[in-house]
Structures are given as structure tokens and as C-alpha cells.
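Residue strings, one per chain:
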Amino acid sequence: YVAADCQVLPSDHGETWGLVVNEGMACGLPAIVSDQVGCHLDLITPGLTGEVYPMGNVGALADRMRAFAADPPGLRSLGEQARQRVFTDYSVNNVVDGTLKALRFVSGQAG
């Protein structure tokens, strides 16, 4: 991740989440992912943390890659926003809180 400027994950629907996107974002990389990568709805906000393109549309993928390559300062800004998204929304504390909430729910102690 250290040598990269961004991350591209052009996977199909078999990529149920795409944990590699979390990892790259934690390292400050914005991501370009297909609309079939499971995490795209949660992690990628177009123009803020990366870009989404229709899976299989090579032209759309190439356009997004060219736009990233043409704007190094903008790319760094997207990367910082990506890092913030992962560390804010997907922090260990949030995972623990969510797990405890789920346990309370299934045990009938939700409230």
C-alpha cells in the first residue's frame, strides 16, 4: 500500500465485501471499485473516498483511473477522507459497541 496512489478493485458480485478496500483506506488510499463489490455502498462515497463504476464497463473504469492520475493533490485529499472514514466508522470501539448491541438484542435485553 505504501507504494500505491490509489486502489482499484474491479471484482464482480463474488467479492461479497472486499476487505482489501478497508485495508487500503486505512493506509490513506482512495479506491475505485465496481458496483458489485460489497463494500461500495458503505465505504465509497464518490468524490469523497473514491469512485464506483459499473462492473464490466472498462471505459468507465479507465475514465476514473485517468481522472485520479491527473489530479495528485485531489487524490491525496480523497485518501485522507478515506482514512478518516475507516478510522471513524469502522473503529474497534464501533465494532465492540455493535457486537454488544447485537448480543443484547438476541438475548432479549435490547432497549
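Structure shown above.
Keep in mind it's a predicted model, so treat the numbers as computed, not measured. (Residues numbered from 1 in each chain as written. Predicted model: local features only at pLDDT ≥ 70, side-chain atom pairs only at ≥ 80, totals over all residues. Heavy atoms only, no water.)

K.L.:
How should the packing of aromatic side chains be read in this particular structure?
P.N.:
The relative placement of two aromatic rings is captured by the distance of their centres and the angle of their planes. Considering all chains together, one arrives at 1 aromatic pair under this definition. Between W17 and Y90, the aromatic rings sit 6.4 Å apart at their centres with planes inclined by 55°, giving tilted as the arrangement. Residue W17 is located in the loop between β1 (7-9) and α1 (19-26), and its partner Y90 is located in the loop between α4 (72-89) and α5 (92-106); the two are separated by 73 residues in the primary sequence. Taking the relative accessible area as the measure of exposure, Y90 reaches 31% and is therefore partly exposed. (Phe/Tyr/Trp six-rings, centres within 6.5 Å; stacked < 30°, edge-to-face > 60°. Helix = DSSP H or I, 4+ residues; strand = E, 2+ residues; numbered from the N terminus. Buried < 20%, exposed > 50% of the residue type's maximum accessible area, 1.4 Å probe, protein only.)

K.L.:
So what exactly am I meant to see when it comes to the sheet that holds strand β2 (residues 31-34) here?
P.N.:
The strands that make up a sheet are held in pairs by hydrogen bonds between backbone atoms, and each pair lies either parallel or antiparallel. With parallel pairing, the 3 strands of this open sheet are ordered in space as β1-β2-β3. In the strand order of this sheet, the two ends are held by β1 and β3 (50-53), each with one partner. Going across the sheet, the axis of each strand differs from the next one's by a mean of 10°, ignoring polarity. Two elements, β2 and β3, share 4 bridges in a ladder whose sense is parallel. (Pairing = 2+ DSSP bridges. Axes fitted to C-alpha atoms, helices over the stretch in contact; angles between N-to-C directions.)

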